[in-house]
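This is what each chain is made of:
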Amino acid sequence: MKFFIDTANLSQIKEANELGILDGVTTNPTLMAKEGIKGKEAILKHYKDICDIVQNPVSAEVFSTNLNDIIEEGKALAAIDKHIVVKVPMIKDGIKAIKWFTENGIKTNCTLVFSAGQAILAAKAGATYVSPFLGRIDDGNWDGVELISQIAHIYHIQNFKTNILAASIRNSLHIVRCAEAGADVCTCPLPSILGLLKHPLTDIGLTQFFS
Ligand code: E4P
């Protein structure tokens, strides 16, 4: 399973990258706004800065919701750097746009996915990644990891090539359960990645060995 970091914060991206286990980055409009990045030029520059750090796939989300605008916005994003993956919402025009991007050699991440049916549509359109939001599903008292397992099963028996990118990760256990469920990628906040390091017996063993 690949590890992406789910943030637009450059110092967190650098910290995760320096761990040597980072395979990419995902962002969304909320995460960009959190970093105070506003306006088209500033947003495009920020994506370039992220690509320069990681040299791995970087998901950049479109703001538009109609086909022509999604395509124009996606083309501008893809022109920033070869590592950009255009992130497109799971709506009717989004599916049409993913199909267009696929046919024109632009990688895509179909976002805001909450059901197996939506994941099938994303795969049929040729999305490079599909992003089920498991934390938000958990928030509604459903088991988000179950959805990851269901999509993994369907993609396997149907031989779909779309990568399952587990998103909306809330804790380190989510990462472990996504690995068990067959996610291809898990995109995580930095604390959830660093949480994987922790075990009290490791701390006790360190004290025994080195004090
Ligand atoms: C990443 O691609 C998603 O936009 C992100 O994981 C959503 O996370 P949230 O549910 O914590 O906002």
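Just so you know, the residues in each chain are numbered from 1, in the order the chain's sequence is written. The predicted origin of the model limits local features to residues at a pLDDT of at least 70 and limits the giving and counting of side-chain atom pairs to 80 or more, whereas totals for whole chains, interfaces and linings rest on all residues. Side-chain measures here rest on the full set of heavy atoms in the structure, leaving out hydrogens and waters.

Colleague: Explanation requested: the packing of helix H4 (residues 67-78) against helix H5 (residues 92-103) in the structure shown.
Modeller: How two helices sit against one another is set out by the angle between their axes and by the gap between those axes. Helix axes are fitted only over the stretch in contact, all axes being lines through C-alpha atoms; the angle between N-to-C directions runs from 0 to 180 degrees. Secondary structure follows DSSP: runs of H or I at least 4 residues long count as helices, runs of E at least 2 residues long count as strands, and numbering of each begins at the N terminus. The contact between H4 and H5 brings their axes to 9 Å, and the two run at 45°. When the interaxial angle is binned, H4 and H5 end up oblique. As H4 runs across H5, the sense of the crossing is right-handed. Where H4 abuts H5, its residues Leu 67, Ile 70, Ile 71, Gly 74 and Lys 75 lie against Asp 93, Gly 94, Lys 96, Ala 97, Trp 100 and Phe 101. Our angle categories are set so that under 35 degrees counts as roughly parallel, over 145 as roughly antiparallel, 65 to 115 as roughly perpendicular, and the remainder as oblique. Each helix crossing is assigned a hand: it is left-handed if the near helix lies turned anticlockwise from the far helix by less than a right angle, otherwise right-handed if that turn is clockwise. Residue contacts follow a heavy-atom distance rule, with two residues in contact if any of their heavy atoms lie within 4.5 Å.

Colleague: Honestly, unusual backbone geometry in this entry has me stumped. Any pointers?
Modeller: For Asn 159, which is not a glycine, the phi torsion comes out positive at approximately 60°. With respect to the helices and strands, the residue Asn 159 is situated in the loop between helix H8 (144-158) and strand S7 (163-166). Phi is positive for Ser 168, which is not a glycine, with a value near 60°. Among the secondary structure elements, Ser 168 is positioned in the loop between S7 and helix H9 (172-181).

Colleague: Teacher, can you tell me more about the site of the ligand here?
Modeller: Near the ligand, the surroundings consist of Asp 6, Thr 26, Asn 28, Lys 87, Phe 133, Arg 136, Ala 167, Ser 168 and Arg 170. Between N or O atoms, a polar contact is any pair within 3.5 Å; within protein, one atom must be a potential hydrogen donor and the other a potential acceptor, and residues adjacent in sequence are included only when both atoms are from side chains. The side chain of Asn 28 places a nitrogen or oxygen atom 2.8 Å from an oxygen atom of the ligand. One of the side-chain nitrogen or oxygen atoms of Lys 87 is found 2.7 Å away from an oxygen atom of the ligand. Computed with a 1.4 Å probe, the accessible areas rest on the Shrake-Rupley method; for each residue, only the protein chains presented here act as cover. In isolation the ligand offers 340 Å² of accessible surface; the protein chains occlude 84% of this area. Split by residue class, the shell around the ligand holds two nonpolar, three polar and four charged. Think of it this way: one heavy atom of a residue within 4 Å of a molecule or strand is enough to make that residue near it. Three categories are distinguished: nonpolar for Ala, Val, Leu, Ile, Met, Phe, Trp, Tyr, Cys and Pro, charged for Asp, Glu, Lys and Arg, and polar for the others, with Gly belonging to the last.

Colleague: Where do I start with the sheet that holds S7 in this structure?
Modeller: Strands in a sheet are paired, the pairing made by backbone hydrogen bonds, and the direction either parallel or antiparallel. Pairing between two strands requires that DSSP report at least two bridges joining them. Strand order in the closed barrel formed by eight strands is S1-S2-S3-S4-S5-S6-S7-S8, with parallel pairing between adjacent strands. Averaged over neighbouring strand pairs, the angle between their axes works out to 30° when direction is ignored. The pairing of strand S4 (residues 84-89) with strand S5 (residues 108-113) spans four bridges and is classified as parallel. Among the inter-strand pairings, Lys 87 is bridged to a residue of S5, identified as Asn 109. With respect to the sheet, helix H6 (residues 116-125) is in contact with S5 and strand S6 (129-132), its orientation differing from that of S5 by roughly 165°.

Colleague: Can you help me understand the side chain of Lys 87 in this one?
Modeller: Structurally, Lys 87 is set in strand S4. A distance of 3.5 Å separates the side chain of Lys 87 from the side chain of Glu 61, its partner in a polar contact. Ignoring any residue separated from it by four or fewer positions in sequence, one finds Lys 87 in contact with Thr 27, Asn 28, Ser 59, Ala 60, Glu 61, Val 62, Asn 109 and Thr 111.

Colleague: Would you explain the nonpolar core in this entry?
Modeller: Generally speaking, soluble globular proteins have nonpolar side chains that are buried together. Formed by 60 residues in total, the largest nonpolar core has its most connected members in Tyr 47 and Ile 84. Per element, the largest residue contribution to this core is seven residues, and it comes from H8. With residues near it in sequence (within four places) discarded, Tyr 47 still touches Thr 27, Met 32, Val 58, Ser 59, Ala 60, Glu 61, Leu 77, Ile 80 and Ile 84. Here, nonpolar core means buried Ala, Val, Leu, Ile, Met, Phe, Trp, Tyr and Cys residues that are tied together by side-chain atoms lying within 4.5 Å of each other. For every residue, the accessible area (1.4 Å probe, protein chains only) is compared with the maximum for its type, and the residue is labelled buried under 20%, exposed over 50%, or partly exposed between those bounds. Core analysis: the next-biggest nonpolar cluster, separate from the first, contains five residues, Phe 4, Val 85, Leu 165 and Val 185 among them.

Colleague: Just to check I follow, could you spell out the packing of aromatic side chains for this structure?
Modeller: Each aromatic ring pair is characterised by the separation of its centres together with the angle its planes make. Here is the rule: rings of Phe, Tyr and Trp (six-membered ring for Trp) pair when centre to centre is within 6.5 Å. Planes less than 30 degrees apart are stacked, more than 60 are edge-to-face, and the remainder are tilted. Inspection of the entire model under this criterion finds five aromatic pairs. Aromatic side chains Tyr 155 and Phe 160 sit 5.5 Å apart centroid to centroid with 80° between the ring planes, which places their arrangement in the edge-to-face category.

Colleague: Which parts of the structure should I look at to understand the packing of H5 against H6?
Modeller: Where H5 meets H6, the axes come as close as 8 Å, and the angle between the chain directions of the two elements is 30°. Classified by the angle their axes make, H5 and H6 are roughly parallel. Judged by residue contacts, Ile 95, Ile 98, Lys 99 and Thr 102 of H5 engage Leu 121, Ala 122 and Ala 125 from H6. Each residue belonging to the contact of H5 with H6 can be placed in one class, and the counts come to five nonpolar, one polar and one charged.

Colleague: Is there a simple way to think about H5 in this case?
Modeller: Spacing of three or four residues puts side chains on the same side of an α-helix, whose turn is 3.6 residues. For H5, built from 12 residues, the straight-helix expectation of 16 Å at 1.5 Å per residue is met to within 8% by its first-to-last C-alpha distance of 17 Å. Three or more residues of H5 are buried, namely Gly 94, Ile 95, Ala 97, Ile 98 and Phe 101. The buried residues of H5 all sit within an arc of 160° when viewed along its axis, so they share a single face. Opposite the buried face of H5, at more than 90 degrees from it, the exposed residues are Lys 92 and Glu 103. Expected span of a helix, by definition, is 1.5 Å for each gap between consecutive residues, and there is one gap fewer than residues. What the arc covers is the set of directions going from the helix axis to the C-beta atoms.

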